[in-house]
Amino acid sequence: MSRTLPLKHGRGLRPLSIATLVAIPIALVLVFFYAPIEAEEGFLQKIFYLHVPLAIVTLCGFVIGGLLAIVHLRTRDRQWDLRSYVAIHMSLIFGVGTLITGSIWARGSWGHWWVWSEPTLVSFLIVILLYATYQPLRFAIEDPERQARYASVFAIVAGAFVPMNFLAVRLSTAYLHPRVLGSSSNLPPKMAFTFLVSLVAISLLFATLCSYELTAKRTRMLLKARSRTLGFR
Amino acid sequence: MIELEGLVRRYGEREALSDVSLSLHAGQTLVVFGPNGAGKTTLLRILSTLLRPHSGGVTVLGYSLPDEAWAVRGRVGLLGHEPLLYRELTARENLRFHARLHGVGEERVEELLAAVALTDRADEPLKTLSRGMVQRAAVARATLHDPELLLLDEPRANLDPAARELVEPLIGPGTDPARPRTRVISSHDPAGGLAEADLVLGLRGGVPVLLSEAADVSRAQIAELYR
Amino acid sequence: MSAASTDEPVQPAASPEQAPIAPQARGPGMWATVAALLRKELLVELRTLESVPGMSLFAVTTFVVFHFALNQNTVSGDEAAGILWVTLLFAAMLGVNRLFVADQDQGGFDAFLLAPVDRTAMLLAKALALFAYLAVLELIAVPAFGLLLLAPPLSQTLPDLLLVLVLADIGIAAIGTLVAALAVQTRARDLLGPLLALPLLVPVVIGAARASSPLLVLAHPAGVGGPPIRWLATLALYDLVFGLIAYAVFDFLLED
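What counts as what
- Residues numbered from 1 in each chain as written.
- Chains lettered and ligands numbered in written order.
- Predicted model: local features only at pLDDT ≥ 70, side-chain atom pairs only at ≥ 80, totals over all residues.
- Helix = DSSP H or I, 4+ residues; strand = E, 2+ residues; numbered from the N terminus.
- Buried ≥ 20, exposed ≤ 12 C-beta atoms within 10 Å, placed from the backbone.
- Contact = placed C-beta atoms within 7 Å.
- Rg over C-alpha atoms; globule rule 2.2 N^0.38 Å.
- Nonpolar A, V, L, I, M, F, W, Y, C, P; charged D, E, K, R; others polar.
- Expected span 1.5 Å × (residues − 1).
- Arc of directions from axis to C-beta.
- Core = buried A, V, L, I, M, F, W, Y, C linked by C-beta atoms within 7 Å.
- Pairing = 2+ DSSP bridges.
- Axes fitted to C-alpha atoms, helices over the stretch in contact; angles between N-to-C directions.
- Parallel < 35°, antiparallel > 145°, perpendicular 65-115°, else oblique.
- Left-handed = near helix turned anticlockwise from the far one by under 90°.
- pLDDT = per-residue confidence, 0-100.

> I keep staring at the overall build of chain A and nothing clicks. Help me out?
A count of helical and extended segments in chain A gives seven helices and zero strands. Considering chain A as a whole, with its 233 residues, one finds that 38% of them fall into the buried category. Within chain A, contacts between residues at least 6 apart in sequence are counted, and of these 80% link residues at least 24 apart.

Below, the structure written as structure tokens:
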């Protein structure tokens, strides 16, 4: 009798976790000690190194969730639906983080907790409102097979919506202020480097957390299946 | 005509149909017995292509499901618990709608309305008709496109004896040897069911507990299923 | 008449459900199917009058509510565009909620799924039906708006406004049908429908409101300018993208 369950699903977990645990402190050090303090906004500007990577990773997460859903519908393999679910779920959390950090930054820069003139923030609000219906949608369908299928359809439509929405909101926002919040071009090299490292760190964090959630869910499912074959309820 | 090999259909964790295998030839009648929830309706719905099998082989009319389901549609007639008709529309409007979906002409609609004796009530909304009449309209719907395979879920429910006689030529075993009518019937009536069966399948909790030629099955065995 | 022969060779399993045009051996073609479905839809709606009167009444009542809520006799420009489009959108939600209910409750899905037809026909037919309901809604609501709340006269910009209405309606019809099909088979269908549809339709609101706003201002002596092209283009792009996506995924909602 084997001592442990073969760790088929958690194999990538350790290197990912280590990479994340290494990347985050490095990023933090860079943010606080290496990157120069921005002339106009001062210290608060450093939240940019958290907010923008969160935003980028969230958006990619939603789009990836949609792509995984396409694979699910084509292959009918529920593993892909599980991956899609985890990606979207995690992106939703990171998205809320984006909104919160964006709000803090807006408050610090312009004195308001919310600004309509920043298209990224506004687009995020809409996208979060949309994806907030993902879980209620899933739980409102009892049949697991149909639930997975409908969730995938939603993930695909919503994934296509993300870029479309950004376009529309961008067009509609009157640029009364220059877009300081979102622009990551024309950064001096020190800031650019810090930004890149932060982006890598946040991406690793996302990947690791997704991996954890996937492993946890799969293990739970395996456990349930085994206990059923052994006759436990 | 129908080949099932290890058919499985799940509903969540539970198996609604568990390893069902059988072989039905053209022109034969399979009668399925079993208590409620045994999987009879699920089986019929899979054969009609409404549900996909989760594993196992399913071949209907020579085509394998679910991949070739599109080739089977239009050649199968399903008569389930629901009449599948719109209550606000009349019998004639409903049947014409189905006729259009199946590429069948309007004369056929009139033919069937006459066959189920609904011609004089054909222009009243279905919600004003009695249950028996609606069932007759449903029979007309199911046989409108002259299907080769009939799937009948307790077809004679809601029908009085006169109505049953009326629909018999439509859902009974075919009389034309050139066009054999294959049927799968789910039934709660041991005597009647056995009488018209060539093959008998007994289901309990999705598991096929009885499969045999009708001649070799006794009413007692069928009663056992419901115990 | 349905053919009786069984001479079709066994087709390779190329997943016809996913192909845009399923190789049907018998049964009507795509447009005949859409026509049959649309006919049935409109017949049922005419018989029951479940959607359109409710939507229209809702819109007119909402205009009255807006009058009191804003405490204004007339509106124009951005404000007018906003009120008009919010009202139309919410009225559309009523229609979306009802779209598949009859089919769900009376077994209409099953009947359709048993027929030898391309399943995407249902998307097209329902979207066309919803578009028709929206058109009737607007036929009533827009003049009502002009009468009750709008400061400038409608007649001067009607053709341009019509264009905006049509483009927006296409988007609402496509997404509305998709969302309706998603929501109807869930438990909280009346709630989930609008919750799903409203964020998805924000780009339509943006495009339609921004496009109509210059049409609803008091005229300059030189005449009113047309709707800005960029907003019409946004609406058209949205219609194209989501029309195609709806077309691609709809089948997956129908099967079991």
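Picking up where we left off.
> Help me understand the overall build of chain B in this model?
Summing up its helical and strand segments, chain B has eight helices and 10 strands in all. Whereas a compact globule of 227 residues would reach a radius of gyration of roughly 17 Å, chain B reaches 17 Å, a difference of no more than 12%. Each of the three principal axes of chain B carries a C-alpha extent, and together these read 45 × 40 × 40 Å. The buried share among the 227 residues of chain B stands at 51%. Long-range contacts, defined as pairs at least 24 residues apart, comprise 67% of the intrachain contacts of chain B with a sequence gap of at least 6.

> So what exactly am I meant to see when it comes to the interface of chain C and chain A here?
By a widely used convention, the size of an interface equals the accessible area lost when the partners come together. Each partner contributes residues to the interface: chain C has 24 residues there, and chain A has 23 residues. If you list the elements that add at least two residues to the side of chain C that touches chain A, you get α7 (158-184), α8 (189-200), α9 (202-212) and α10 (229-254) of chain C. Here the element with the most residues in the side of chain C that touches chain A is α10 of chain C; it accounts for eight residues. For the side of chain C that touches chain A, the per-class residue count stands at 17 nonpolar, four polar and three charged.

> I'm lost on helix α1 (residues 30-48) of chain C in this one. Help?
Three or four residues apart is the spacing at which side chains of an α-helix point the same way, because the helix has 3.6 residues per turn. Taking 1.5 Å as the rise per residue, α1 of chain C with 19 residues should run 27 Å; its terminal C-alpha atoms sit 27 Å apart, in good agreement. Turning to α1 of chain C, its buried residues are Thr-33, Val-34, Ala-36, Leu-37, Lys-40, Glu-41, Val-44 and Glu-45 of chain C. Looking straight down α1 of chain C, one finds its buried side chains confined to an arc of 165°; they lie on one side. For α1 of chain C, the exposed residues set more than 90 degrees away from the buried face come down to Trp-31 and Leu-46 of chain C. Against α3 (91-102) of chain B together with α2 (52-70), α4 (101-106) and α6 (120-148) of chain C lie the buried residues of α1 of chain C. At the exit of α1 of chain C stands Leu-49 of chain C, carrying a positive phi of roughly 50°.

> Would you mind going over the environment of Thr-101 of chain A with me for this structure?
Note on placement: Thr-101 of chain A falls in helix α3 (residues 78-110). Expressed as a C-alpha distance, the spacing of Thr-101 of chain A and Leu-209 of chain A, which sit 108 residues apart in the sequence, is 20 Å.

> In this structure, what is going on with the nonpolar core? I would like to understand it.
Where a protein is soluble and globular, its nonpolar side chains tend to be buried together. By size, the foremost hydrophobic cluster in this structure holds 215 residues, and its most contacted members are Phe-154 of chain A together with Val-179 and Leu-182 of chain C. In terms of residue count, the dominant contributor to this core is α7 of chain C (17 residues). Once residues within four sequence positions are removed from consideration, Val-179 of chain C is found in contact with Val-96, Gly-193, Leu-196, Ala-197 and Leu-200 of chain C.

> What should I look at first to understand the pairing of strand β9 (residues 199-204) of chain B in this one?
For a regular strand, the rule is simple: side chains alternate between the two faces of the sheet. All names here are of chain B. With respect to burial, β9 is a largely interior element, five of its six residues being buried. Across four bridges, the pairing between strand β3 (residues 29-33) and β9 is parallel. Along β9, the bridge assignment pairs Val-31 with Val-200. As defined by bridge partners, β9 adjoins strand β10 (residues 207-213) across six bridges and the pair is classed as antiparallel.

> Before we go on, may I ask you to explain the sheet that holds strand β1 (residues 2-11) of chain B in this structure?
Within a sheet, neighbouring strands are paired by backbone hydrogen bonds and run either parallel or antiparallel to one another. Residues and elements named next belong to chain B. Pairing in this open sheet of four strands is antiparallel, and the strands run β2-β1-β4-β5 from one edge to the other. For this open sheet the edge positions go to β2 (14-24) and β5 (63-65), each flanked by a neighbour on one side alone. The sheet shows a mean angle of 30° between the axes of neighbouring strands, direction not considered. Two elements, β1 and strand β4 (residues 55-60), share five bridges in a ladder whose sense is antiparallel. Bridge pairing links Glu-5 to Gly-57 in β4. Across the face of the sheet, helix α1 (residues 40-47) comes into contact with β1, β2 and β4 while running at roughly 60° to β2.

> Explanation requested: the pairing of β3 of chain B in the structure shown.
Residues and elements named next belong to chain B. With five of five residues buried, β3 is to be regarded as a mostly interior element. Of the two faces of β3, the one lined by Thr-29, Val-31 and Phe-33 and the one lined by Leu-30 and Val-32 are each fully buried. Here β3 pairs with strand β8 (residues 182-186) via four bridges, running parallel. When the sheet's bridge partners are listed, Val-31 is paired in β8 with Ile-185.

> So what exactly am I meant to see when it comes to the sheet that holds β9 of chain B here?
Residues and elements named next belong to chain B. Strand order in the open sheet formed by six strands is β6-β7-β8-β3-β9-β10, with mixed pairing between adjacent strands. Two strands bound the open sheet, and with one partner strand each, they are β6 (76-79) and β10. Strand-to-strand twist of the sheet, defined as the mean angle between neighbouring strand axes without regard to direction, takes the value 15°.

> Any chance you could explain the packing of helix α4 (residues 119-131) of chain A against helix α6 (residues 144-172) of chain A here in plain terms?
The relative placement of two packed helices comes down to the angle between their axes together with the axis-to-axis distance. Residues and elements named next belong to chain A. In the contact formed by α4 and α6, the axes pass within 9 Å of each other and the chain directions differ by 150°. As judged from the angle between their axes, α4 and α6 are roughly antiparallel. In this structure, the crossing between α4 and α6 has a hand that is right-handed. Two secondary-structure elements touch here, α4 through Pro-119, Val-122, Ser-123, Ile-126, Val-127, Leu-130 and Tyr-131 and α6 through Ala-158, Phe-161, Val-162, Asn-165, Phe-166, Val-169 and Arg-170. Taken together, the residues that form the contact of α4 with α6 break down as 11 nonpolar, two polar and one charged.

> Can you walk me through helix α6 (residues 161-171) of chain B in this structure?
All names here are of chain B. Taken together, the buried positions of α6 are Val-167, Leu-170 and Ile-171. Looking down the long axis of α6, one finds its buried residues gathered within 70° of arc, a one-sided arrangement. Those residues of α6 that are exposed and angled more than 90 degrees off the buried face are Pro-161, Ala-162, Glu-165, Glu-168 and Pro-169. At its buried positions, α6 is contacted by α4 (106-115), α5 (131-143) and β7 (149-153).

> Explain the confidence of the model for chain B here, please?
Regions with low pLDDT carry predicted coordinates that are not meant to be interpreted in detail. Residue and element names in this part refer to chain B. Taken over all residues, the pLDDT of chain B has a mean of 89, while the share at 70 or more is 100%. Mean pLDDT values over the elements of chain B span from 82, in helix α8 (residues 219-225), up to 94, in α3. On the interface metric, ipTM, the complex scores 0.89, and its pTM is 0.87.

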